[in-house]
Every structure is written in C-alpha cells, then in structure tokens.
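Structural overview for review
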Amino acid sequence: MIHPKIIRKQRITFTILVVVLIASMGFAMTTGEFKMSFVQFFKTILGQGNELDTMILYEFRMPRMLITILAGASLALSGAILQSITKNPLAEPGILGINAGSGFMITLFLVVGTIKAGDFVYVLPLVSMLGGLATAMVIFIFSHKKGEGINPVRMVLIGVGLSTALSGASITIMSTFDQDQMEFIARWFAGNIWGDEWPFVFAFVPWLAIVMPFLFYKANVLNVLSTNEQVSVAFGINNNKERILLVFLAVVLSSAAVSVAGGIGFVGLMGPHIARSIVGPRHQLYLPIAVLNGAILLVVADTIGKIVLEPNGLPAGIIVAIVGAPYFLYLMQKSTHI
C-alpha cells in the first residue's frame, strides 16, 4: 500500500509540472524569428487573431510544439522502462545505441528508399523502429550471460560501442549523399526537430496513444521486474516474455520519437531519474512524472536552441546534451553497478 503522503506529493508534483509545461509551451510559441505578444497569442488561440498570426501559430509553431512534447514524453517513458527491466540506472535509448541504430536505418533508407514523398512521413517511423529493434536485440544478446542474466556494465559498454560503429557507418554512407540529404541527416544526428508539420503529428500520435496506456497498465509488472528474479517468479510472472514485450514497446516509443525529432539523447536518462528522486520507485507514481519531465526538457531545450542562434537555431539535441552529459557522468560515478 502506498503511503498517503507519497500520493499527495505525487499529485502536487504532477500539478506543478503541468503548469510548468503549459507555461513553457506559451513562451515557446511566442518567441522566435517572428515575435508574438501574449495578447496576440491568446487572441489567436480564441480565434480572434489576424491572418498572419493564425498561420504562424497553427501551421508552423503548433505542430512543432506537439511533436516536441510527444517526442520528449516518449523518450522519457522509453528510458524509464529500459532502466526498470534491465535494473540499470544508466539505460537509455541514446546511450545504449538504439537511437544510433534508428539513425543508421534512416540513412540507409535515404540511399535505397524509393517510396513516394507523400508516404515518407508514415514509413519513416517504421524504418526507424526496424533499426532500433535490431540494435536492441544485439545489445541484449551480447550483454546476457548464462546463469547471470543481463550485466548492466556490459550493456552500457556494448551500447556505446555499437553507437560508435553505427554512427561511423552512417557517416560513411553519407559520403554518397547529395547536399540536401547530407544536411538533413547531419542535423538529424544532432537532434534537430525536423518533423514539424501536421502529418508528422498524425503519424506519431497513434503509436503513443496505443503504447503509453498499456505501459501504465503494466506498472505492477514493472514494479516486480525491477526487484530480483525469485520475487517475480513467485508472483507468477514470465520474466523473459515480459521483458521482451516491454523492450519492444520501449524501442517502439524511442524509435517513433527520434524518427521525427532526430537523434536526441539523455532525455530518457534524466526524465525518469528526476521523477524517481521526487516520488520514489513505484511505477504508478513516477511514470506520469517522468513523462512530464521528458516533455518539459525537450520543449525548453528546443526553445533555448531557437533563441540562441536565430534564425536557423541550434538543434535541441545539442542543448540537452550540454546538461545530459555531465548528469550521465554523475550517475555513472554514483551508481553501485559501476
């Protein structure tokens, strides 16, 4: 049974984060090359804005904002799941090389892809997922040792090695690209949120709408899996089956996110860790907080990147990495597994 004080703390934290997210969204959508006052913003939201404000808000800024929120939430939830089922506090799609696997498949797809431009937006997440799942499979195969299970240290080392190899392979393939393809994939690897149009939002939402509720439903299973093997077996849980399913769903979320938001790392690391430090390790309590943390982190990073180097902006992935890399080193030093 969860202590009432913890539940109250979780609700207060959740409410505060919702307010912070809304405030971040409002600030993000009123800044940029075309400045918009809060009065203009609210008038436009209420349908009283002029034609130019309406076009900028609904055709450019709103879809980008939604993609940023969805991507941040997906990456944080993916990281939370990976950390729980591997019992590795450093597990995260970017660090484990899953994002690099997605990037490699997208790079390969740009070379050999022959689909129509109109189908590109719907096929790209599937291509990204294929690369992410293949990478995750290799990581788990090589980090698993008979009789010992998955070794957290080996998992991180294999993930970093794979990430380096796949990134190198992608750069090699890039040598065959024309200028437009080169610029696209280079900014993708830097974490540039490029899928900022409504079709990308419509292509992304179904993945999150299906996977997220199911993962919340699996909260009790995750609570048990994050303990030891004997406890989960005693509860009648098929460890291997549940882990495979949950890893698959975590990779689906991260791959869908990076297919439109670029190779963004560390959101899946920081979001869950900050949430657990506030409300504890029970998944019913910390997963919603982690989701909000991820959304806020990416919205703030994208806004800062947009302001720093107008009009082109700095990719959100670089802003996140400036904070995330030291945070990763801190956790690495603190972890009892390393």
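Treat the numbers as computed from the prediction; the structure is a model and nothing was measured.

Right, let's talk about the overall build of the protein chain for a bit. Secondary structure summary: the protein chain contains 14 helices and two strands in total. Its C-alpha atoms give the protein chain a radius of gyration of 20 Å, near enough to 20 Å, the size a compact globule of 338 residues would have. A principal-axis box enclosing the C-alpha atoms of the protein chain has dimensions of 65 × 55 × 35 Å. Looking at the protein chain residue by residue over its 338 residues, the buried ones come to 50%. In the protein chain, the proportion of contacts linking residues at least 24 apart, taken out of those at least 6 apart, comes to 76%. Taken as a whole, the protein chain presents about 15,900 Å² of accessible surface, with 69% of it coming from carbon and sulfur. The distance from the centre of the 21 positive side-chain charges to the centre of the 16 negative ones in the protein chain is 19 Å.

With 95 residues, the main nonpolar core has Leu21, Leu77, Ile81, Phe204, Leu215 and Leu298 as its most contacted residues. The contact partners of Leu215, leaving out residues within four places of it in the chain, are Leu77, Ile81, Leu222, Leu246, Leu249, Leu253 and Leu287.

All chains considered together, the criterion is met by six aromatic pairs. Judged by centre distance (5.2 Å) and plane angle (85 degrees), the ring pair of Trp188 and Phe189 falls under edge-to-face. The class for Trp188 is buried, based on a relative accessible area of 1%. Using a relative accessible area of 26% as the deciding quantity, one classes Phe189 as partly exposed. Ring centres 6.4 Å apart and planes at 55 degrees place the aromatic pair Phe266 and Phe328 in the tilted group. Note that Phe266 is positioned in the loop between helix 11 (239-261) and helix 12 (267-279) and Phe328 in helix 14 (residues 316-334), a separation of 62 residues in sequence. Across this residue pair, the class does not change: Phe266 and Phe328 are buried.

It is the contact of helix 12 with helix 14, at a shortest axis distance of 9 Å, that shows an interaxial angle of 60 degrees. It follows that helix 12 is oblique to helix 14 by the angle criterion. As for how helix 12 packs across helix 14, the hand of that crossing is left-handed. Packed against helix 12, whose contacting residues are Val267, Leu269, Met270, His273 and Ile274, the element helix 14 presents Val320, Val323, Gly324, Tyr327, Phe328 and Leu331 at the interface.

Attention now moves to helix 3 (residues 51-86). Counted at 1.5 Å a residue, the expected span for helix 3 with its 36 residues is 52 Å, and the 51 Å between its end C-alpha atoms agrees. Its maximal kink placed at Arg61, helix 3 deviates by approximately 40 degrees, while the proline Pro63 follows within four residues. Across the 36 residues of helix 3, 27 count as buried, placing the element largely inside the fold.

Attention now goes to a nonpolar patch on the surface. On the surface, a cluster of nonpolar side chains totalling about 400 Å² of accessible area is made up of Phe27, Phe38, Phe42 and Ile307. On the secondary structure map, Phe42 appears in helix 2 (residues 38-45).

With that out of the way, let us pick up the pattern of salt bridges. A side chain of one charge can pair with a side chain of the opposite charge when the charged atoms of the two come close. Evaluation of the coordinates by the stated rule reveals three salt bridges. Notably, a salt bridge pairs Asp196 with Arg64, separated by 3.3 Å at the nearest N-O pair. With a gap of 132 residues between them, Asp196 in the loop between helix 7 (179-189) and helix 8 (198-217) and Arg64 in helix 3 connect regions that are remote in the sequence. A residue is classified by how much of its surface remains accessible, and Asp196, at 24% relative accessible area, is partly exposed. Its relative accessible area of 21% is what places Arg64 among the partly exposed residues. As a salt-bridge pair, Arg64 and Asp302 come within 2.8 Å of each other at their nearest N and O atoms. Linking Arg64 in helix 3 with Asp302 in helix 13 (residues 283-308), this pair joins segments that are 238 residues apart in sequence. A residue is classified by how much of its surface remains accessible, and Asp302, at 7% relative accessible area, is buried. Connected through salt bridges with shared partners, the residues Arg64, Asp196 and Asp302 form a single ionic network.

Parameters at a glance
Residues numbered from 1 in each chain as written. Predicted model: local features only at pLDDT ≥ 70, side-chain atom pairs only at ≥ 80, totals over all residues. Heavy atoms only, no water. Helix = DSSP H or I, 4+ residues; strand = E, 2+ residues; numbered from the N terminus. Rg over C-alpha atoms; globule rule 2.2 N^0.38 Å. Buried < 20%, exposed > 50% of the residue type's maximum accessible area, 1.4 Å probe, protein only. Contact = heavy atoms within 4.5 Å. Areas by Shrake-Rupley, 256 points an atom, 1.4 Å probe, with all protein chains shown as cover. Lys, Arg positive; Asp, Glu negative; His and termini not counted. Charge placed at Lys NZ, Arg CZ, Asp CG, Glu CD. Core = buried A, V, L, I, M, F, W, Y, C linked by side-chain atoms within 4.5 Å. Phe/Tyr/Trp six-rings, centres within 6.5 Å; stacked < 30°, edge-to-face > 60°. Axes fitted to C-alpha atoms, helices over the stretch in contact; angles between N-to-C directions. Parallel < 35°, antiparallel > 145°, perpendicular 65-115°, else oblique. Left-handed = near helix turned anticlockwise from the far one by under 90°. Expected span 1.5 Å × (residues − 1). Bend = angle between axes of the 7 residues up to and from the residue. Patch = residues over 30% accessible without salt bridge, like charges linked within 9 Å, V, L, I, M, F, W, Y side chains within 5 Å. Salt bridge = Lys/Arg side-chain N within 4 Å of Asp/Glu carboxyl O.

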